[in-house]
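So you can see what is in the structure, the chains are spelled out below.
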Amino acid sequence: MTILKIFQPADPGYARDIEALRTRLHGGGLVAADAGNLDVPKIVADILKQVREGGDAAAARLTSQFDQADLTTERLRVSQDEIDRALKQADQQFLTLIRKAIRNIRDYQEHILIKAPPALQRGGRQLGVRYLPLDRVAVYVPGGQALYPSTVLMTVVPAQVAGVKEVILLSPPKGGDINPLVLALAGELRIKEVYRLGGAVAVAAAAFGTATIRPVDKIVGPGNAFVAEAKRQLFGRVGIDSIAGPSEVLIIADDTANPDWVAADLLAQAEHNPGSALLITPSSQLAETVAAVVDRQLAQLQRADITRPSMEQYSAVIVVRDLAAACELANRFATEHLQIMTADDESCLKKIRHAGAIFIGAHTPVPLGDYYAGPSHVLPTGGTARFFGPLSCNDFLKASSIIRYDAKSLAEDAGSVSEFAEREGLTAHARAVTIRKESM
């Protein structure tokens, strides 16, 4: 018996079991694993209330409690000297690598940055759009079982490309302070405001503001179940990127795929714990081989004890009749990461409608996107790729319509507008148009 369960079309309850798996992944099973048996919405609502009413003092007290950090209100903000010192003391070889990644991310984000088209001209009417950056944005950088300095790059650089003037960074002071590498990256990216706050406390402080922290317009970045719930409860007061959950990958592969590579890709995603890793294939032979290779590779991993629960509880191999069925099932799962390794990758790609980031071909593993290629690794999870996309520079822009009429055009359209307004019973609306026409 392999650690990965294999769903075969001939199995009794095949379709029902696959749907149960999809429901478990989309319906909060992974999030629940992240939170244990706690009542997350209730706990978060209480934290938000305490920070809203208690400000700095509540934020410091709660952070000390949750992150085992002896934090005072005076130490909420990291000083510029500490940021500069962290940058100076950072591994210079790693900083060289970081700078290459920053260039890649910046190049890609500048390439996709939305630019307003010329105004639509209809006689004396000009109809256009203007895109302007948000004023102030908060980036949340997790500090849980694994440190993700890459999150700093994947959130801050797109905001900077968009033109956001004020980017603040919040990260939990696990065991007493923020990881020095996070501080070094803040220095490298010239971030002036860094705060020792984590979880729902950080989200609340950024949204409501305190005596020390001015409120922001948008909060982005991944986090645990408490961060996701805090963002959900505060959406509307501030903008958010998405309500992200645990990481996930779905691989579409046929018998041309290398089973060792496929197994490595599945394990890489499950390493997040909690996380899910799915292989969908028309090849029973590949399914059996990959499941066996996963067992062998897992035994050799440094983080095997962390990876194993995700492989056991939230991962599987699903055998389907053909690649078309694999693509349709992938659309139903709508995963954060989607890999395609087949004899005809382009044909599969055309059939995919829902995925956060799509990795094409055997030589495009997900870690390329996690760290280096350019697109942000902040992606929709839990099936939300049906309506959310990857975080990008364009998420830090807001649009305003631009409408300009001359007198002749107003006179031409006045009758239509006033009739429309009167049919809705809004006679003052109609009068605002006709009063101008009458004076011409």
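Residues numbered from 1 in each chain as written. Predicted model: local features only at pLDDT ≥ 70, side-chain atom pairs only at ≥ 80, totals over all residues. Heavy atoms only, no water.

Engineer: Before we go on, may I ask you to explain the nonpolar core in this structure?
Structural biologist: Where a protein is soluble and globular, its nonpolar side chains tend to be buried together. Grouped together as the largest cluster of nonpolar side chains are 39 residues, with contacts concentrated most on Val152, Leu153, Leu169, Leu189, Val194 and Phe396. Mapped by element, the contributors of at least two residues to this core are α4 (80–89), α5 (92–112), β4 (136–140), α6 (149–162), β5 (166–171) and α7 (180–188). Ranked by residue count, the leading element in this core is α6, at 8 residues. Residue contacts for Val152: discarding those within four places in its chain leaves Val141, Val157, Leu169, Val182, Leu185 and Leu189. Grouped together as the second largest cluster of nonpolar side chains are 33 residues, Tyr140, Ala207, Phe208 and Val216 included. (Core = buried A, V, L, I, M, F, W, Y, C linked by side-chain atoms within 4.5 Å. Buried < 20%, exposed > 50% of the residue type's maximum accessible area, 1.4 Å probe, protein only. Helix = DSSP H or I, 4+ residues; strand = E, 2+ residues; numbered from the N terminus. Contact = heavy atoms within 4.5 Å.)

Engineer: Looking at this model, I keep getting lost on α5. Mind explaining?
Structural biologist: Owing to its 3.6 residues per turn, the α-helix brings residues three or four apart onto one side. When the terminal C-alpha atoms of α5 are compared, their 30 Å separation across 21 residues agrees well with the 30 Å that a helix rising 1.5 Å per residue should span. Within α5, the full set of buried residues consists of Leu95, Ile98, Ala101, Ile102, Ile105 and Gln109. One side of α5 carries all its buried residues, which in axial view fall inside an arc of 120 degrees. For α5, the exposed residues lying more than 90 degrees away from the buried face are Gln93, Asp107 and His111. With a side-chain oxygen positioned 2.8 Å from the backbone nitrogen of Gln93, the residue opening α5 is Asp91. (Expected span 1.5 Å × (residues − 1). Arc of directions from axis to C-beta. Polar contact = N/O pair within 3.5 Å; in protein donor to acceptor, adjacent residues only side chain to side chain.)

Engineer: What is the right way to read the packing of aromatic side chains from this model?
Structural biologist: Each pair of aromatic rings is reported with the distance of its centres and the angle of its planes. If you walk through the whole model with that rule in mind, you get 1 aromatic pair. Taking 5.2 Å as the distance between ring centres and 55 degrees as the angle between the ring planes, the aromatic pair formed by Phe387 and Phe388 counts as tilted. Directly above the ring of Phe7 sits Lys5, whose terminal nitrogen or CZ lies 5.2 Å from the centroid. Note that Lys218 overlies the ring of Phe396, its terminal NZ or CZ placed 5.9 Å from the centroid. (Phe/Tyr/Trp six-rings, centres within 6.5 Å; stacked < 30°, edge-to-face > 60°. Lys NZ or Arg CZ within 6 Å of the ring centre and 35° of its normal.)

Engineer: I tried to follow the pattern of salt bridges on my own but got confused; where do I start?
Structural biologist: Taken as a whole and judged by the stated rule, the model has 23 salt bridges. Between Asp260 and Arg296 there is a salt bridge whose closest N-O contact spans 3.7 Å. Of this pair, Asp260 sits in helix α10 (residues 259–270) while Arg296 sits in helix α11 (residues 284–298), placing them 36 residues apart in sequence. Among the residues examined, Arg296 registers a relative accessible area of 48% and is labelled partly exposed. Linking Arg423 and Glu419 is a salt bridge whose minimum nitrogen-to-oxygen distance equals 3.3 Å. Placement of both Arg423 and Glu419 in helix α16 (residues 407–423) is noted, with a separation of 4 residues, approximately one turn of the helix. Here Glu419 falls in the partly exposed class, since its relative accessible area comes to 43%. Connected through salt bridges with shared partners, the residues Arg75, Glu82, Asp177 and Arg196 form a single ionic network. (Salt bridge = Lys/Arg side-chain N within 4 Å of Asp/Glu carboxyl O.)

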